Amino acid sequence: MITAKQNSAFFGKKIGDVIQGNFTNNRYIIAKEELGWDKWSLSRIRVISEGGQPKLHIDRLINTQFKSEIFNYIDEIEEEYTQTKTYLDSRLQSGLLSKEEYAERLGGSK
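Residues numbered from 1 in each chain as written. Predicted model: local features only at pLDDT ≥ 70, side-chain atom pairs only at ≥ 80, totals over all residues. Heavy atoms only, no water.

Colleague: Lay out the sheet that holds strand E4 (residues 53-64) with the relevant residues and their values.
Modeller: Sheet architecture is open: four strands sit in the order E1-E2-E3-E4, paired in antiparallel fashion. Edge strands, defined here as strands with exactly one partner in the open sheet, are strand E1 (16-20) and E4. Neighbour to neighbour, the strand axes of the sheet diverge by 20 degrees on average, direction disregarded. Strand direction decides the pairing type here: E1 and strand E2 (residues 27-32), joined by five bridges, are antiparallel. In the sheet register, Gln20 faces E2, and the bridge partner there is Arg27. (Pairing = 2+ DSSP bridges. Helix = DSSP H or I, 4+ residues; strand = E, 2+ residues; numbered from the N terminus. Axes fitted to C-alpha atoms, helices over the stretch in contact; angles between N-to-C directions.)

Colleague: Just give me the short version of the pattern of salt bridges, but keep the residues and values in it.
Modeller: Per the stated rule, a full pass over the model turns up six salt bridges. One salt bridge connects Asp59 with Arg46, and the closest N-O pair in it is separated by 2.8 Å. One end of the pair, Asp59, is in strand E4; the other, Arg46, is in strand E3 (residues 40-50), and 13 residues separate them in sequence. In this structure Asp59 comes out as buried when scored by relative accessible area, which is 17%. Residues Lys85 and Asp89 are paired through a salt bridge, measuring 3.0 Å at the closest nitrogen-oxygen approach. Highlighted residues: Lys85 and Asp89, both in helix H3 (residues 85-93), separated by four residues, approximately one helical turn. On the basis of relative accessibility, which here comes to 21%, the residue Asp89 falls in the partly exposed class. Through salt bridges that share partners, Lys14, Asp17 and Lys67 make up one connected network. (Salt bridge = Lys/Arg side-chain N within 4 Å of Asp/Glu carboxyl O. Buried < 20%, exposed > 50% of the residue type's maximum accessible area, 1.4 Å probe, protein only.)

Colleague: Run through helix H2 (residues 67-81), naming residues and quoting values.
Modeller: When the terminal C-alpha atoms of H2 are compared, their 22 Å separation across 15 residues agrees well with the 21 Å that a helix rising 1.5 Å per residue should span. Along H2, the positions that sit buried rather than exposed are Ile70, Ile74, Ile77 and Glu78. Across the axial projection of H2, the buried residues extend over an arc of 95 degrees, all falling on one side. Residues of H2 that are buried in the fold lie against E2, E3 and E4. (Expected span 1.5 Å × (residues − 1). Arc of directions from axis to C-beta. Contact = heavy atoms within 4.5 Å.)

Colleague: Break down the pairing of E4 for me, with residues and values.
Modeller: Pairing of E3 with E4 involves eleven bridges; the strand directions are antiparallel. The residue bridging Ile48 from the neighbouring strand is Lys55, located in E4. Taking the residues between adjacent antiparallel strands as the criterion, E3 and E4 are bridged by two residues, where Gly51 takes a positive phi near 60 degrees.

This is how it looks when you write it as structure tokens:
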């Protein structure tokens, strides 16, 4: 039987984190860069259906010197999504938003 410690030689060093957005369900990769002034990068992984087949699509969003800016940017993306029609539709259909609240929030996002 192989323990995790014995198997650890097969893994490289940790250079970042993967975070799933609360609202968008996007997966964000926060990676520490080895070269350059900008020490952190943020990428987004999305699954896109092309011809009925799922494909991974990775977008590099920003590079920055400070990791806190990465978290602020993710918060902005997630907050903006909560104002979209797609998100509001899902909240209405699940009963988490009344028709009145839906109309008010949808009217306010235009």
